[in-house]
Structures are given as C-alpha cells and as structure tokens.
Amino acid sequence: MAHYAIGDLQGCLAPFQALLAEIGFNPGRDTLWLTGDLVNRGPQSLATLRFVRRHEHCMQTVLGNHDLNLIAIAHGYGRLKKSDTVTDILNAPDRLTLIDWLRLQPLLIRNEQQLLVHAGLWPDWDADTAAARCAEVEAALRHRRPQAFLAHMYGNTPLTDAAGSEAERLRFTTNVCTRMRALTRSGALDFDYKSTLAEMPATLQPWFRAPNRRQRSHRIVFGHWSALGLYQGDGVTGLDTGALWGGQLTAIELGSGRITQVAGLPGGDWRRNGD
C-alpha cells in the first residue's frame with residue numbers, strides 16, 4: 001500500500017491518468033491526496049471532477065481557489081472570466097451532484113506526519129489551530145445555505161489575522177489556505193507576487209520561511225504556486241509544477257519521498273489554445 005500526493009490538476013485529466021499509470025496506482029490498495037484546483041483552465045474540467053468523485057474511496061482532495069470560484073459561480077456569486085473552462089460543469093446534467101460533492105471537500109487534511117492544503121498555512125497557526133480555523137470555513141460551506149459565506153468570500157482584506165467580523169475571519173482563513181504565496185516582512189499577506197522564489201524582492205518572503213512558523217510538527221504538502229515548481233525544504237513540499245504552463249504534473253510517494261513526473265498539458269501553455 002502506497003500513499004501519494006499529486007499537484008494541481010486544473011482539468012488536465014490526460015496527464016493525471018498518465019501519471020497514475022506511471023506510478024502504478026492501484027485504487028484497491030493505494031491512496032492519493034490532491035492539492036486542490038481540480039478544475040479550470042485545462043480542457044477536461046468536467047471529466048476530471050467526475051473521475052475524482054468516482055474514486056473518492058481512494059482519493060482525497062482539498063479545495064483550491066478555482067474550486068471555490070466554481071462553487072460560488074454555481075450559487076450565483078463571482079463571475080466567469082474569459083479564461084475559465086468550467087462551463088461544461090455548469091451545464092452538465094449532474095452539475096448539482098458535482099457541485100454539492102465539491103462543496104463537501106475540506107480545506108485541510110492531516111495525518112500524523114503531514115498537512116495537506118492548497119496554498120499554505122498562516123505561520124502563527126499550529127496544526128491544531130489550522131485544523132480548527134479550516135473547520136469553520138468547511139462548516140460554512142457545508143451549511144444548507146452556503147450563500148451566507150459565498151456572498152462575502154471574495155476580497156483581499158484583512159491582510160493579517162486580526163480580530164474582525166465573522167465574515168472577515170472566514171475570508172482571511174480562505175485566502176490563506178487557497179491564495180497565499182508571499183508575505184511582507186512585517187507579516188501581512190501579499191496577493192500580487194506570483195513569480196519565482198529567486199526573483200522575489202527583499203521586501204517579501206515566502207510564507208513557509210516566516211520566522212517562528214508554528215506547524216513544524218508536520219510537513220506541509222501544497223500546490224497553487226506554479227512558478228515555485230517542485231519545492232522540498234523548510235518543512236514543506238510544493239507540488240504545483242505547472243502542468244498547464246508547459247511544465248509537468250508531479251506525484252510524491254509520501255512514505256519514501258519518491259518523485260514521479262509526466263508531461264503536462266499536450267501542446268504546452270494552455271493560453272496558446274485560446275482559453
């Protein structure tokens with residue numbers, strides 16, 4: 001029995017299936033964590049969502065920002081961008097089943113050694129605090145009327161974990177877990193920086209290098225930051241290796257640390273296909 005994690009799929013079903021074949025994934029024996037962003041930008045969002053749901057007995061995913069955006073749009077919030085490729089889901093005959101299933105997925109998954117999250121965790125949260133904060137968002141999403149959460153989900157404030165309204169507290173947790181890459185040196189969220197670690201200005205720091213980060217009891221497995229690429233260090237493993245951008249799709253066997261990669265979206269950068 002092997003336990004794997006794979007980076008952001010974003011509708012790239014063919015590379016995903018190729019990677020599962022490459023690692024010899026056995027759905028009756030092995031288990032898999034996915035870093036979120038199952039959908040959007042790639043060509044097979046609907047098929048990817050159906051595939052993961054069909055294998056939920058052996059595959060677990062956390063929610064990413066693209067997944068949350070799909071849920072919000074399906075409930076009348078947010079808006080479709082020209083580059084979005086989720087219309088097939090919104091028009092599918094099983095859309096309600098798929099959206100409801102997606103809405104039930106967690107922000108955070110943990111075991112004794114690892115924490116799985118889409119983007120990252122606030123440095124001041126230990127593992128128990130992170131789980132509690134994520135559980136608050138999960139409860140709001142799973143409520144029979146998630147509109148109360150979705151109506152206030154979008155926005156770039158607050159930038160620190162300061163006391164505020166319930167809506168602000170939930171939005172901050174959501175932004176940290178699904179959108180965060182960099183922090184200012186004073187410890188505030190920065191939503192603008194999306195490039196490589198080498199190019200990061202001295203005024204910023206990657207969230208996982210914040211001083212006195214409190215989740216050192218666990219290795220954090222995450223995706224989201226495609227320009228970072230495969231990253232192992234500082235007590236974290238970053239797995240988004242740009243399958244959409246002419247890069248690769250990456251799997252790690254969490255016990256041995258063995259890395260396996262396959263080519264990403266055929267034709268390279270998804271933008272060249274006019275999406």
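Everything numeric here is computed off the predicted structure, so don't read it as measured data.

Asks: Can you walk me through the sheet that holds strand E6 (residues 182-184) in this structure?
Replies: Adjacent strands of a sheet form backbone hydrogen bonds with each other and so pair up, either parallel or antiparallel. Spatial ordering of the open sheet is given by E7-E6-E8, a layout of 3 strands whose pairing is antiparallel. Of all strands in the sheet, those bounded by a partner on one side alone are strand E7 (189-190) and strand E8 (204-206). Taken together, the 2 bridges between E6 and E7 define a ladder with antiparallel strand orientation. Counterpart to Ala182 in the pairing with E7 is Asp190.

Asks: Explain the packing of helix H6 (residues 127-142) against helix H8 (residues 166-179) here, please?
Replies: When two helices pack together, their arrangement is given by the angle between their axes and by how far apart the axes lie. Contact pair H6 / H8: the axes reach a minimum separation of 9 Å and the direction vectors enclose 110°. As summarised for this structure, H6 and H8 are arranged roughly perpendicular, according to the angle between their axes. Each of Arg133, Cys134, Glu136, Val137 and Ala140 in H6 lies in contact with H8, whose residues at this interface are Arg169, Leu170, Phe172, Thr173, Thr174 and Cys177. Counted by class, the contact of H6 with H8 contains 6 nonpolar, 2 polar and 3 charged residues.

Asks: Which parts of the structure should I look at to understand helix H1 (residues 13-23)?
Replies: Listed as buried for H1 are Leu13, Pro15, Phe16, Leu19, Leu20 and Ile23. Considered in projection along H1, the buried side chains sweep an arc of 165° and stay on one side of the axis. Turned more than 90 degrees off the buried face of H1, the exposed positions are Ala21 and Glu22. Gly24 lies just past H1 and shows a positive phi near 70°.

Asks: Mind showing me how you'd approach the packing of aromatic side chains here?
Replies: The description of an aromatic ring pair rests on the distance of the ring centres and on the angle between the ring planes. Evaluation of the coordinates by the stated rule reveals 9 aromatic pairs. Look at Trp207 and Phe208: their rings are 5.4 Å apart centre to centre, the planes differ by 80°, and that puts the pair in the edge-to-face class. With respect to class, Trp207 is no different from Phe208; both count as buried. Summarising the aromatic geometry, the rings of Trp207 and Phe222 are spaced 5.3 Å apart at their centres and angled 75° between planes, so their arrangement reads as edge-to-face. Remark: Phe222 occurs in strand E9 (residues 219-222) and Trp207 occurs in the loop between E8 and E9; sequence separation between them is 15 residues. The two residues Trp207 and Phe222 agree in class, both being buried. Geometry around Phe191 places Arg179 over its ring, the cationic atom sitting 4.1 Å from the centre.

Asks: I keep staring at the sheet that holds strand E4 (residues 108-110) and nothing clicks. Help me out?
Replies: Reading across from one edge, E4-E5-E9-E11-E10 is the order of the 5 strands in this open sheet, with mixed pairing throughout. Pairing within the sheet leaves two strands with one partner each, and these edge strands are E4 and strand E10 (231-233). Within this sheet the neighbouring strands show an average axis-to-axis angle of 15°, counted without direction. Where strand E5 (residues 114-117) and E9 come together, 3 bridges link them in parallel fashion.

Asks: Just to check I follow, could you spell out the nonpolar core for this structure?
Replies: Across soluble globular proteins, nonpolar side chains show a tendency to be buried alongside one another. In terms of nonpolar packing, the biggest core is built from 75 residues, with Ile6 and Phe16 touching the most fellow members. Top contributing element to this core by residue count: H6, with 6 residues. Grouped together as the second largest cluster of nonpolar side chains are 9 residues, Trp33, Leu116, Val221 and Leu254 included.

Asks: How do you make sense of the side chain of Thr35 when you look at a structure like this?
Replies: With respect to the helices and strands, Thr35 occurs in the loop between strand E2 (31-34) and helix H2 (45-54). Once residues lying within four places of it in the same chain are set aside, the contact partners of Thr35 are Ile6, Gly7, Asp8, Val62, Leu116, Val117, His118, Phe222, Gly223 and Leu239.

Asks: So what exactly am I meant to see when it comes to the pairing of strand E13 (residues 259-263) here?
Replies: Looking down a regular strand, the side chains alternate between one sheet face and the other. Direction of pairing for strand E12 (residues 248-253) relative to E13: antiparallel, over a ladder of 5 bridges. The residue bridging Gln248 from the neighbouring strand is Ala263, located in E13. Counting the residues in the hairpin turn of E12 and E13 gives 5 residues, including Gly257, whose phi is positive at 85°.

Parameters at a glance
Residues numbered from 1 in each chain as written. Predicted model: local features only at pLDDT ≥ 70, side-chain atom pairs only at ≥ 80, totals over all residues. Heavy atoms only, no water. Pairing = 2+ DSSP bridges. Helix = DSSP H or I, 4+ residues; strand = E, 2+ residues; numbered from the N terminus. Axes fitted to C-alpha atoms, helices over the stretch in contact; angles between N-to-C directions. Parallel < 35°, antiparallel > 145°, perpendicular 65-115°, else oblique. Contact = heavy atoms within 4.5 Å. Nonpolar A, V, L, I, M, F, W, Y, C, P; charged D, E, K, R; others polar. Buried < 20%, exposed > 50% of the residue type's maximum accessible area, 1.4 Å probe, protein only. Arc of directions from axis to C-beta. Phe/Tyr/Trp six-rings, centres within 6.5 Å; stacked < 30°, edge-to-face > 60°. Lys NZ or Arg CZ within 6 Å of the ring centre and 35° of its normal. Core = buried A, V, L, I, M, F, W, Y, C linked by side-chain atoms within 4.5 Å.

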